[in-house]
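Residues per chain, in single letters:
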Amino acid sequence: MAVGPGAVAVTQYFNEMYQGGKVRPPYARLEDWMKAMPAELRTLKQAEAEDLFRRIGITFAVYGEGGDPDRLIPFDMFPRVFTGAEWARLEKGIKQRARALNAFLVDVYQRGEIVRAGRVPSRLVYQNEAYEKAVAGIRPPKGVYSHIVGIDIVRTGPDEFFVLEDNCRTPSGVSYMLENREIMMRMFPDLFRENRIEPVEKYPEILRRTLASVAPEKCSGEPVVVLLTPGHFNSAYYEHSFLADLMGIELVEGQDLFVEGEFVWMRTTEGPKKVDVIYRRIDDAFIDPLCFRPDSMLGVPGLMDVYRSGGVTICSAPGAGVADDKAVYTFVPEMIRFYLGEEPILQNVPTWQCGKADDLRYVLDNLSELVVKEVHGSGGYGMLVGPKSTKDEVAAFRGKILADPGNYIAQPTLSLSTTPTFVAEGVAPRHVDLRPYCLVGERIELVPGALTRVALKEGSLVVNSSQGGGVKDTWVLAE
Amino acid sequence: MLSRTADNLYWIARYMERAETAARLLEVGSRIALLPSAAGYRNEWDSLLQASGNADAFGRKYGDPVQRNIESFLFFDHDNPSSVASCITTARENGRIVRTALTAQVWDALNTAFQELRQLERKPRSELELSRLTEWTMRHAAMVRGAIEATLLRNDGWDFLNLGYGLERADNTARLMDVKYYVLLPRVEFVGSGLDNYQWTTLLRAMSAHRAFHWAYGGEVTAAKIAHFLILNTQCPRSLITCVEGISTHLDRLSKAYGATTDAQAQARAMLLALRETKVDDIFDEGLHDFLSRFIRETAALGSVVHDTYLSGDMR
């Protein structure tokens, strides 16, 4: 190709604001806003935003990185916009997926029909590290295991959306969705008068209602819901306290709870108070030292006994992690067909399993175009990004795959869409992804909004906040 | 409310009050040290450490009680849990844990104190005069207290904060008065001398009560008037009786809100009644030091009943 890398970036990626030199309709009014903002005002506004974030106390600490625990996550003021029609389709797809994932969880902890039918390999489910034998046979209230499903989505074209991964345990980041909006409304009220933007502020209320709707049958009267945090040293502690506050529920640590008789109680200044629903933000392994890790100081001894006998609901339910495993991910479209009898609305990223002969041949033939990952790897280790590797690296990796094909999967290198982002020189396209938070209880609900993460470095496809990613307000326009 | 939350609120107040006391102790010490030195005196700075109850910890780390070391120990030293720096850091951390029980203004006041403390800690010590450090501490303690009084919901959380303030202040006023005892102990004949009055006045200044005292009593500064002012006068905001009244009021509010009366209410009321019956002469008959020591013990006992009843989470 006889063009520079910059030109490739512009033509190769879907820009959500500009198409063929024209502004796409949802961004129409933002162009004037952007042009009318001189550089000095922008700097001023950016400083104001940072000040607001710091005052509110939103900070993000990254485990193991050291440094300032009160570090701010970078906030980009240029919003990301969806039309009502685009969102309607996303919403259907997200809810469909959340429903199927929960149906799968109920199934694999009971009869395992999908395995019996040969649609998902038995080994993937029952040999999975995340499969919790301790909860086999349990059907949680309303048949819900995962009450907050975070689905990471990337866009590659006007109508092309792909699911990168599902988070069925305790997806974090929703406080940014709410705070980003709050700060944008304070700083640019005119934008909200000119555009008809769907509000997201009901999220905490809906979350509370969702949690209350799955109270155990033994609970009579208004259910007592609490949020269980590992404590103030946790990097997401701000989010825990923020959500508890907005929901008007107690933020508890393991030491605040105890088991007596067939219930869980919290220690209050007026004596013990029964707890019906625990929205836990700690991992399965830590919630009950008697059942899981005996060295856990974060959990509540005996909690699992109460859970098993229906004295308390735990959200998400222990064992939910088996549905968001990297290998199980491949089968989510199958789950949608099997349990719902529908075709998936959101696509998976095509994945080749090197353990299968046909797939392996394809992968080896196209190695320089693909991303190859270890099945159980994470954090970008043991991974080949074909287009960004040298011939020697590709050749070396070929040897590793051939030595143990079953340990590898391959995916195409995705062209993540870009949205305009404020950078030092002005405004430039940067890659983004999307994380909506789907709430599953008696009903399935989704607020019209999500967290958009943006890779602030030019050309970077990595949106993680631990690696220079930032966040944006995400708008859904009212039709 | 969660017992742990109540406990955090209670300790925010105790630590802020304690930070202020550490600063006031430094103030007393520096003023007493300005006196022409009189042979035969116990070292004045040493008396400070005796009164604050951590002479041993100081001696182990620093040895000689000279001003610079005492400043380090009472203001900057994070190994000393009662230093200004330790108290403000801990109070702010407690605040972070119970952010949802505080208003933005209270959090802002706590957080600002902490952020400024970090800046102070980076400055060369030669640029930091003692008076600046003590004023800084009192200003921030007042800002936190003011934010609590002006913005916080008057619910049980507010009561626990005020219990913390009351118990800590009662203990601290008694200890500050006791400094006098340690300073004067070796030479009884100084009682009633000009030096004696100078020291009493210094004590008043350190409690920011110097002018208030003159308004209330006028004339000569005498031990009897001062003892009355700092122990028995309900107008004095730091007097022992004012503190105990506050504690009793907030405990009564709790018992009303929770619909249950406990030992804590009974003990506080008994202390208050005893103080109301006390005359200055009774105090001097018992001996000021003995009276104060007994009061400090009773306050500590009340503190542990409050802890067992409300803060430990063990009540059934």
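Refer to the structure printed above.
Now for a look at the structure at hand.

All right, on to the overall build of chain B then. When its secondary structure is counted, chain B shows 15 helices and 0 strands. Taking 20 Å as the expected radius of gyration for a compact globule of 316 residues, we find that chain B reaches 20 Å, a close match to that expectation. Seen through its C-alpha atoms, chain B measures out along the principal axes to roughly 60 × 50 × 35 Å. Looking at chain B as a whole, 46% of its 316 residues qualify as buried. Nonlocal contacts in chain B, meaning residues at least 24 apart in sequence, comprise 71% of its contacts between residues at least 6 apart.

What follows concerns the overall build of chain A. Assigned secondary structure in chain A consists of 16 helices and 23 strands. The C-alpha radius of gyration of chain A comes to 23 Å, within 12% of the 23 Å expected for a compact globule of 479 residues. If you line up chain A on its principal axes, its C-alpha atoms span 75 × 55 × 45 Å. Contacts in chain A between residues far apart in sequence, at least 24 positions, make up 70% of those at least 6 positions apart.

All names here are of chain A. Read from one edge to the other, the open sheet built from 4 strands follows the order β14-β17-β15-β16, with strand pairing classed as antiparallel. The sheet terminates laterally at β14 (352–353) and β16 (384–385), the two strands that pair on one side only. Judged from the 2 bridges that link them, β14 and strand β17 (residues 408–412) form a sheet pairing that is antiparallel. When the sheet's bridge partners are listed, Trp-352 is paired in β17 with Ala-410.

With that out of the way, let us pick up the pairing of strand β8 (residues 257–260) of chain A. Residues and elements named next belong to chain A. Summarising the sheet, β8 and strand β9 (residues 263–268) pair through 4 bridges and their orientation is antiparallel. The residue of β9 that forms the bridge with Phe-258 is Trp-265. In this structure, the hairpin formed by β8 and β9 is closed by a connection of 2 residues, where Gly-261 is found at a positive phi of approximately 65 degrees.

Residues and elements named next belong to chain A. Sheet architecture is open: 3 strands sit in the order β8-β9-β10, paired in antiparallel fashion. Only two strands of the sheet have a single partner each, and these edge strands are β8 and β10 (271–275). The sheet shows a mean angle of 45 degrees between the axes of neighbouring strands, taken without regard to direction.

We now examine the nonpolar core. Judged by nonpolar contacts, the single largest core of 192 residues is most densely connected at A:Leu101 and A:Val226. The biggest single contributor to this core is helix α1 (residues 3–33) of chain B, with 15 residues. In this structure A:Val226 touches A:Ile249, A:Glu250, A:Val252, A:Met266, A:Val275 and A:Ile278, once residues within four positions along its chain are discounted. Core analysis: the next-biggest nonpolar cluster, separate from the first, contains 9 residues, A:Cys354, A:Leu370, A:Leu384 and A:Ala410 among them.

If you look at the interface, chain A gives 18 residues, while chain B gives 16 residues. Among the secondary structure elements, those contributing two or more residues to the side of chain A that touches chain B are α10 (237–247), β7 (250–252), β9 and β10 of chain A. Looking at side-chain class alone, the side of chain A that touches chain B contains 5 nonpolar, 6 polar and 7 charged residues.

Residue and element names in this part refer to chain A. Relative to the helices and strands, Asp-305 resides in helix α12 (residues 303–308). Taking the number of C-beta atoms within 10 Å as the measure of exposure, Asp-305 has 16 and is therefore partly exposed. Put simply, Asp-305 and Arg-24 are 281 residues apart on the chain and 55 Å apart in space, counted from C-alpha to C-alpha.

Turning to the environment of B:Tyr258, a few remarks are in order. Mapped onto the elements of the fold, B:Tyr258 is located in helix α12 (residues 240–258). According to the C-beta neighbour criterion, B:Tyr258 is partly exposed, with 15 such atoms within 10 Å.

Quick look at the packing of helix α9 (residues 203–213) of chain A against α10(A) now. Residue and element names in this part refer to chain A. Interaxial distance between α9 and α10 falls to 9 Å at its minimum, and their mutual angle equals 80 degrees. By the criterion of interaxial angle, the relationship of α9 to α10 is roughly perpendicular. In this structure, α9 contributes Pro-204, Leu-207 and Arg-208 to the contact, and α10 contributes Leu-243, Leu-246 and Met-247. The residue inventory of the contact of α9 with α10, partitioned by class, reads 5 nonpolar, no polar and 1 charged.

On to unusual backbone geometry, then. For the peptide bond that leads from A:Cys315 to A:Ser316, omega is -10 degrees, which places it in the cis range. Along the chain, the position of A:Ser316 falls in the loop between β12 (313–315) and α13 (326–329). Positioned with a positive phi, A:Lys142 is a non-glycine residue whose angle comes to about 60 degrees. Among the secondary structure elements, A:Lys142 is positioned in the loop between α6 (122–126) and β4 (148–155). Given 16 C-beta atoms within 10 Å, A:Lys142 falls into the partly exposed group. Of note, B:Ser208 is a non-glycine position whose phi angle comes to about 55 degrees, a positive value. Tracing the backbone shows B:Ser208 in the loop between α9 (194–206) and α10 (210–217).

Right, let's get into the pairing of β10(A). On a regular strand, one side chain projects to one face of the sheet and the next to the other, so that they alternate. Residue and element names in this part refer to chain A. One ladder, built from 5 bridges, connects β9 with β10; its direction is antiparallel. When the sheet's bridge partners are listed, Val-264 is paired in β10 with Val-275. Hairpin geometry of β9 and β10 is characterised by an intervening segment of 2 residues between the two adjacent antiparallel strands.

Residue and element names in this part refer to chain A. Here Val-328 lies in helix α13. For the pair Val-328 and Arg-435, spaced 107 residues apart in sequence, the C-alpha to C-alpha distance is 19 Å. In this structure Val-328 touches Leu-124, Val-322 and Ala-323, once residues within four positions along its chain are discounted.

Residue and element names in this part refer to chain B. Two elements in contact, α1 and helix α5 (residues 84–97), have axes separated by 8 Å at closest approach and are oriented at 160 degrees. When the axes of α1 and α5 are compared, the pair comes out roughly antiparallel. Here the hand of the crossing between α1 and α5 comes out left-handed. Two secondary-structure elements touch here, α1 through Asn-8, Trp-11, Ile-12, Tyr-15, Met-16, Arg-18, Ala-19, Ala-22 and Ala-23 and α5 through Val-84, Cys-87, Ile-88, Thr-90, Ala-91, Asn-94, Gly-95 and Ile-97.

Cut-offs and rules
Residues numbered from 1 in each chain as written. Chains lettered and ligands numbered in written order. Predicted model: local features only at pLDDT ≥ 70, side-chain atom pairs only at ≥ 80, totals over all residues. Helix = DSSP H or I, 4+ residues; strand = E, 2+ residues; numbered from the N terminus. Rg over C-alpha atoms; globule rule 2.2 N^0.38 Å. Buried ≥ 20, exposed ≤ 12 C-beta atoms within 10 Å, placed from the backbone. Contact = placed C-beta atoms within 7 Å. Pairing = 2+ DSSP bridges. Axes fitted to C-alpha atoms, helices over the stretch in contact; angles between N-to-C directions. Core = buried A, V, L, I, M, F, W, Y, C linked by C-beta atoms within 7 Å. Nonpolar A, V, L, I, M, F, W, Y, C, P; charged D, E, K, R; others polar. Parallel < 35°, antiparallel > 145°, perpendicular 65-115°, else oblique. Left-handed = near helix turned anticlockwise from the far one by under 90°.

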